[in-house]
Amino acid sequence: MDKTIGIFGGGQLGRMMAQAALPLNIQCTFFEANADCPSVALGQVISPKAENGLNQFIQSADVFSLEFENTPLADVDVLTKQKELYPSRQALAIAQNRLLEKALFDELGIPVAPYKAVNSLESLEQAVTELGLPIVLKTTTGGYDGKGQFVLRSSNQMQQAWLELGPAGSLVAESFVNFSREVSIIAVRGKNGEVKTWSLAENHHHNGILSHSIVPAPKSLDLQPVAQDYITRLLNHLNYVGVLTLELFVTDKGLFANEMAPRVHNSGHWSIEGAVCSQFENHIRAVAGLPLGSTDVIRSSVMVNIIGQHPKTEDVLALNGAHLHLYNKAEREGRKIGHITLMPNDSIELTRLCRQLANILPQPLALTQDMNI
Ligand code: AMP
């Protein structure tokens, strides 16, 4: 092996990073408490609970990255005294805190919904007065997949919202955005400052969890350069190395940033088959200091998450143009356990494939309604 990359986390994102690394003679190791995690088939898993675990992990690789956004900064501080981490501690710290993230968007001229910091019932009342209703109240740190959120539609919900989220300490109240669609832009920046961006993905959620992504996002030719500009501002400002994701709302006043993720992203899984170079391979290339690959789209695709329960492998593979990725995870309600990328020849075949897929997946899939491509 030419190089070893140590990854904080050992979930499916780590698994797919390591799958992309192997053909480049790059080995991955993982810092992860679950010995049976999705990445275990691809490299050594070192537990944070093991004696001297963090030090073992630091010694296990040449350079480091992450697939887990809530990687403890205390661990990162120990690591960065000895080895390099990409993306940087600064990028990670900002992405872990919604207030720091929004302040950075403001500083770089990236539009965000009006917001206020909230740390008491009084400051929540103040935010409601200033921002008006509805507002979305979110925990400043630790939220994911719509968890740690409360949508306030009437002022008599303030007590309840404060009771639910107040114990988290620091909150942020943001104006409710009347968006028509949610999209994400994913980009990679190399050590030499080169930036490459993939096509916008249009994202559809079910119960707060990503259900499927359509790429390129339909009717988005005018949005692509704007989103590209926003993410490039972030990448250059942070002197970022690796893959960064920016989630955006499409509104009649243009794009508004929701949040960024300092890592490869679920809405970029299509790129394994659908782009010349995937988000996983380009992330590995960037972290290893190698030239970046083309992010061009090979063919339009739809990525569907498998949530909670597995479909029959035979049924999925019988669909012409379907690529199945299973993460070796146990079935559990609301859990992402795999994904399927559909790469049909044209929109007629796409509609047919989506219908067939909806029939064989155990989960509900409102896919065919979205297929206005
Ligand atoms: P987040 O955890 O910030 O990604 O939010 C999860 C989901 O909640 C988003 O994908 C949106 O569907 C919705 N959401 C978040 N913030 C807002 C907002 N300010 N206005 C309307 N919907 C929102």
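- An unreviewed UniProt entry lists the protein under the name N5-carboxyaminoimidazole ribonucleotide synthase, with Acinetobacter albensis given as the organism.
- As stated in UniProt under Pathway (unreviewed entry), the record for the protein gives "Purine metabolism; IMP biosynthesis via de novo pathway; 5-amino-1-(5-phospho-D-ribosyl)imidazole-4-carboxylate from 5-amino-1-(5-phospho-D-ribosyl)imidazole (N5-CAIR route): step 1/2."
- Per UniProt, the comment on the protein under Catalytic activity (unreviewed entry) is "5-amino-1-(5-phospho-beta-D-ribosyl)imidazole + hydrogencarbonate + ATP = 5-carboxyamino-1-(5-phospho-D-ribosyl)imidazole + ADP + phosphate + 2 H(+)".

Some words on the site of the ligand
Argument step 1. In the vicinity of the ligand there are 15 residues, among which Q149, E174, V177, E182 and E259 approach most closely.
Argument step 2. One nitrogen or oxygen atom from the side chain of E182 is found 2.5 Å from an oxygen atom belonging to the ligand.
Argument step 3. With the chains in place, 88% of the 480 Å² that the ligand exposes on its own is no longer accessible.
Argument step 4. When contributions to the shell around the ligand are tallied by element, the ones reaching two or more residues are β6 (135-139), β8 (171-175), β13 (242-251) and β14 (254-261).
Argument step 5. Shared between two domains, the shell around the ligand takes at least three residues from each, and those domains are domain 2 (114-175) and domain 3 (181-370).

Observations concerning the nonpolar core
Argument step 1. One finds I5, C28, W198, F280 and I284 to be the most contacted residues of the largest nonpolar core, which totals 33 residues.
Argument step 2. Contributing elements (two or more residues each) for this core: β1 (3-8), α1 (12-21), β2 (26-31), β9 (181-189), β12 (209-215) and α10 (279-287).
Argument step 3. The greatest single-element share of this core, amounting to six residues, is contributed by α1.
Argument step 4. Two domains each put at least three residues into this core: domain 1 (3-85) and domain 3 (181-370).
Argument step 5. Discounting residues that sit within four places of it in the chain, I284 has contacts with I5, M17, A21, L24, I26 and C28.
Argument step 6. A187, A217, A227 and L246 belong to the second largest nonpolar core, which has 28 residues in total.

Conventions and cut-offs
- All residue numbers refer to position in the chain's written sequence, counted from 1.
- Local features in a predicted model are, by the rule used here, given only for residues with pLDDT of at least 70; side-chain atom pairs are given and counted only at 80 or more, and totals for whole chains, interfaces and linings are based on all residues.
- To get the side-chain values, take all heavy atoms of the structure and skip hydrogens and water.
- UniProt positions are given in the numbering used here, feature names are shortened, and annotations may be inferred rather than shown by experiment.
- Distances are taken per atom, and a residue is near a molecule or strand as soon as one of its heavy atoms is within 4 Å of it.
- A 3.5 Å cut-off defines polar contacts: any pair of N or O atoms within that distance qualifies, except that in protein one atom must be a possible hydrogen donor and the other a possible acceptor, and neighbouring residues in sequence count only when both atoms are side-chain atoms.
- Note that accessible areas follow from Shrake-Rupley with a 1.4 Å probe, and for residues the cover is restricted to the protein chains shown.
- Helix and strand assignments come from DSSP, with helices taken as H or I runs of at least 4 residues and strands as E runs of at least 2, each series counted from the N terminus.
- Segmentation of the chain into domains, including their bounds, is taken from an automatic or database domain assignment.
- For the purposes of this section, nonpolar cores are sets of buried Ala, Val, Leu, Ile, Met, Phe, Trp, Tyr and Cys residues that join through side-chain atoms within 4.5 Å.
- Throughout, exposure labels follow a simple rule: accessible area from a 1.4 Å probe, protein chains only, divided by the maximum for the residue type, with under 20% read as buried, over 50% as exposed, and the rest as partly exposed.
- Any pair of residues with heavy atoms lying within 4.5 Å of one another is described as a contacting pair.

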